[in-house]
Structure formats: structure tokens, C-alpha cells
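# Architecture and fold: a report
One-letter residues, chain by chain:
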Amino acid sequence: MITPRIFPILLLLLLPASAAFAQTPDQVLVVINKQSAASQEIGQYYLSKRGVPPANLCTLDTAPEETILRDVYDQQVEAPIAAFLKAHDLVEKILYIVTTSGVPLRVEGAWSSDLNESAASVDSELTLVYQHLHGVKNELRGFVPNPFYRQRDTPFRHPLFPMYLVTRLAAYDVATAKKLVDRSLAAHNTGKFVIDAKAADSTPGNQWLRTAALMLPKDRVVLDDSATVLTDQKDVIGYASWGSNDPDHKQRFLHFQWLPGAIATEFVSSDGRTMKRPPDTWRLGNWGDRATWFEGAPQSLAGDYLEEGASAASGQAWEPFLQYCPHPEFILPAYFSGRTLAESFYMGIPALSWMNVVFGDPLMRLLP
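Below: a short report on this structure. It should be emphasised that the depicted structure is a prediction, and the values quoted were computed from it without experimental measurement.

## Regarding the overall build of the chain
If you tally the helices and strands in the chain, you get nine helices and 15 strands. Across its three principal directions, the C-alpha atoms of the chain cover 55 × 45 × 40 Å. A buried classification covers 60% of the 368 residues belonging to the chain. Across the chain, contacts joining residues at least 24 apart in sequence account for 78% of those joining residues at least 6 apart. Charged side chains in the chain number 32 positive and 40 negative. The centres of these two groups are separated by 3 Å.

Spelled out as C-alpha cells, the structure:
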């Protein structure tokens, strides 16, 4: 569950997001794993469909395990990516890094209840490669503030924002991962933003959800803060909720009709813990009964949204604490305004070298 370390929230007077500053495929680095056939197939498919230059393909040689030790990350993931960027004179040009199924997902580390953790998602660690290539040394434990967080009116660029925007093309199988690319290319600015808050909940999370609804056109929003869990919605282009942290949310699939380009985000501490397919018999469970867990937790999974038809989703590899989950009041309006998927999500993610994962094509944006 999301640990209730809640800081006082300031009411932000949010201005309309600026017009999108679209980036181009030659600013994307695609990372595949030599030891994973799935990784290679997805990476090559993305290069072909998106028109990413073949010279922007970086190949790792590491065991395709989802969870790795820190020294494996340092030596077999970050080091070869950093060397590739430097050797090909891409350090400044690359803005986005795309990892793929078969590239490790999580870095194991010490867990702490005071934000002093050394565990992290691989993708969140990779955002800091830019800083490392410029001689910055980051503390292993804890997080690094995201310099792009809440930057609603500024296009992402170097060196103003010393980081890479990292997303992942992954799903329960290769076919679905490829569909993320196809859906991305078909994305248009139409459909509804479905926002499902908890009933009678006074935490900041509910306020962020309500603020997101206020920042979007009224006729494009479905907002519910009752005990009803929204299901069977049509023409969904965006979704935000508490996922399985809503006590009324008891089923894995929402049975939405997702439009191409649809994104999903939720306040769940372990929904990005795996991209292994659960058994068809698995149902959302509870922390007190280990028999209801899948891959270490009973909580909802980002992969289920992708399986059902969403084009992108966020998740958490480990416990992020509520305030460091992606903030929908920044993500959804930015995405609606025409920002890329990666810009939109990282505008709403407060911390780097942390737990967050964004699944989807970083260049995806809602075309008119």
C-alpha cells in the first residue's frame, strides 16, 4: 500500500500549458538486450515504425532478469549506455531513452521508511546518466529532485534540464508491446479523461485528482469521487485513480474502450513491479494474505491497462510514498495540450533515482 507520509499541500494556481514543442526520432536512444529475443524484436520494431536512426540503437549484454543488484546495474546497464552516448557524440542530442522488455526493470537495494532507500527502478536511475556524464555524483540512497517537475511552460531541452526522459516499451508479451507503438502512431486528441477519486478521502491524492479534472475541458472529463468504481467507460483517452488502493476497487480489468493514445496512472506502490503475465485466475488481493499476492504484492498492475488497450501507463517498481507518485494534475493537462508522453509524465514526477516507471512510446502525443 502507499505509505501515508503526507506533506502539507500548497494550492497551486495552475496556468494553461504552453503549446507543445515536439521532439524528433533522432533524439531517441533505444536500448535493447543481446540476451533477450523479445527486447531485440521490440527495439527493431520501434526503430522501423518511428524512424529512429539505426545508429541510435544501444545493445546491452546482461541477463534478462527483472530485478538486479546494484553492481549489475552499474556495470552492465548504465556503464555501456553512458559509453555508447559518449562514443557516438549523442550526449547532448539525445533527449529520450527507450528501454525494452528484457532490459532489467528494478535495482535491488535497502528499503527504508524515511525516504533513504537505495532500491530504484532502472529507468529512473537512467534519467541521471546525463548528469553522470557531466561529472555529477549523486548519493546512492534517497532520491534526486526532478528538475523538470512542474515545468508547464518550458520545452524539455539540454542543458536546461540535466537529465534524460526514460520510458519503457514493455508489456506481458511482444505483440502487445508492439501495439503500444502502433497505438502511439494513431493517437489523436479526442475522447474522455476518466478520473476516479476515493469516496470521503481528504488526502492530497484526492485533491490532485480533482485538480486534474479542473484543468481539463469540462466536456472532456468524467469525474467520480463516490464509492462507485468507474468501469465500462467508452472512448477513454486518459485515466487516473487510486487503483487497488481504493478499497472499492476489486477487479483487475475496468473493461474500458481505450482510444489510441490513451494513458493511465494510479496511486499504487507496486503496480510496476513486474511485466510477467499473471495467471488468468489471479485477482487483486490483500497484504494480509500472501496467497493473494502475485510477484510480491497483491496490488493492481500497470500491465493490465496495457493488456486491455491503453497505449501507456505509469507504475512503481518499489514503494514510492504517495507524494512521489506521478501527479495527474500536471500529467493529464500537459498531455491534453500536446506535450509528448515522456514530457507529460516527467512533468508530474517529483523524484529521480526513485521508483517510477513509464511504459509507452516517449514521442507519443495527441495530434489534433
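## Notes on the packing of aromatic side chains
Counted by the stated rule, this structure contains 19 aromatic pairs. Look at Tyr149 and Phe330: their rings are 5.8 Å apart centre to centre, the planes differ by 65°, and that puts the pair in the edge-to-face class. Placement of Tyr149 in the loop between strand 7 (144-145) and strand 8 (165-169) and of Phe330 in helix 8 (residues 328-337) is noted, with a sequence separation of 181 residues between them. Judged on exposure class, the residue Tyr149 and its partner Phe330 are both buried. Among the aromatic residues, ring-to-ring pairing joins Phe143, Phe321, Tyr324 and Trp354 into one connected group.

## Brief notes about the pattern of salt bridges
What the rule picks out here adds up to 12 salt bridges. Taking the shortest distance from any N to any O, the salt bridge between Asp26 and Lys93 comes out at 3.3 Å. Residue Asp26 is found in the segment before strand 1 (28-33), and its partner Lys93 is found in the loop between helix 2 (70-87) and strand 4 (96-100); the two are separated by 67 residues along the sequence. Judged by its relative accessible area of 41%, Lys93 falls in the partly exposed class. In this structure, Glu125 and Arg70 form a salt bridge, with 2.9 Å as the shortest nitrogen-oxygen distance. Placement of Glu125 in helix 3 (residues 122-126) and of Arg70 in helix 2 is noted, with a sequence separation of 55 residues between them. What you see here is one network of salt bridges that share partners, running through Asp173, Arg277 and Glu307.

## Section: helix 6 (residues 204-214)
Given 3.6 residues per turn, any residue in an α-helix points the same way as the ones three and four places further on. The buried count for helix 6 comes to eight of 11 residues, which makes it a mostly enclosed element. Among all positions of helix 6, only Pro204, Gly205, Asn206, Trp208, Leu209, Thr211, Ala212 and Ala213 are buried. Tucked into the core, helix 6 has its buried residues touching strand 9 (192-196), strand 10 (221-224), strand 11 (236-241) and helix 8.

## Comments concerning the packing of helix 1 (residues 37-50) against helix 5 (residues 174-185)
Close contact between helix 1 and helix 5 brings their axes to 10 Å; oriented N to C, the two are set at 15°. Our classification of the angle between helix 1 and helix 5 gives roughly parallel. Relative to helix 5, the crossing made by helix 1 is right-handed. Contact residues: helix 1 offers Ala38, Glu41, Ile42, Tyr45, Tyr46, Lys49 and Arg50, while helix 5 offers Val174, Ala177, Lys178, Val181, Asp182, Ser184 and Leu185.

## Let's talk about the pairing of strand 2 (residues 57-60)
Of the pairings in the sheet, the one linking strand 1 to strand 2 comprises four bridges and is parallel in character. Each residue of the ladder has a partner; that of Val30, found in strand 2, is Leu57. Handedness of the crossover is the feature at issue here: the chain leaves strand 1, passes through helix 1, returns alongside strand 2, and the resulting connection is right-handed.

## With respect to the environment of Val129
Its place among the elements puts Val129 in helix 4 (residues 129-133). Since its relative accessible area comes to 0%, Val129 is described here as buried. As for Val129 and Ser112, which are separated by 17 residues in sequence, their C-alpha atoms are 24 Å apart. Those residues in contact with Val129 that sit more than four places away from it in its chain are Glu78, Ala82, Leu85 and Tyr164.

## Observations regarding unusual backbone geometry
With an omega of 0°, the peptide bond running from His158 to Pro159 counts as cis. Relative to the helices and strands, Pro159 is located in the loop between strand 7 and strand 8. In this structure, Asp89 is a non-glycine residue whose phi angle is positive, near 55°. Within the fold, Asp89 resides in the loop between helix 2 and strand 4. A residue is classified by how much of its surface remains accessible, and Asp89, at 69% relative accessible area, is exposed. Although it is not a glycine, Phe321 adopts a positive phi angle of roughly 70°. By the secondary structure assignment, Phe321 is in the loop between strand 13 (312-316) and helix 8.

## A short note on the pairing of strand 12 (residues 258-266)
Counting buried residues in strand 12 gives eight out of nine residues, a clear majority hidden from the surface. The pairing of strand 11 with strand 12 spans five bridges and is classified as parallel. Counterpart to Tyr239 in the pairing with strand 12 is Ala264. Pairing of strand 12 with strand 13 involves two bridges; the strand directions are parallel. In the strand pairing of strand 13, Ala264 is matched with Ala313. Read as a crossover between parallel neighbours, the route from strand 12 over helix 7 (residues 302-308) to strand 13 is right-handed.

What counts, and at which threshold
- Residues numbered from 1 in each chain as written.
- Predicted model: local features only at pLDDT ≥ 70, side-chain atom pairs only at ≥ 80, totals over all residues.
- Heavy atoms only, no water.
- Helix = DSSP H or I, 4+ residues; strand = E, 2+ residues; numbered from the N terminus.
- Buried < 20%, exposed > 50% of the residue type's maximum accessible area, 1.4 Å probe, protein only.
- Contact = heavy atoms within 4.5 Å.
- Lys, Arg positive; Asp, Glu negative; His and termini not counted.
- Charge placed at Lys NZ, Arg CZ, Asp CG, Glu CD.
- Phe/Tyr/Trp six-rings, centres within 6.5 Å; stacked < 30°, edge-to-face > 60°.
- Salt bridge = Lys/Arg side-chain N within 4 Å of Asp/Glu carboxyl O.
- Axes fitted to C-alpha atoms, helices over the stretch in contact; angles between N-to-C directions.
- Parallel < 35°, antiparallel > 145°, perpendicular 65-115°, else oblique.
- Left-handed = near helix turned anticlockwise from the far one by under 90°.
- Pairing = 2+ DSSP bridges.
- Right-handed = clockwise from strand over helix to strand, strands pointing away.

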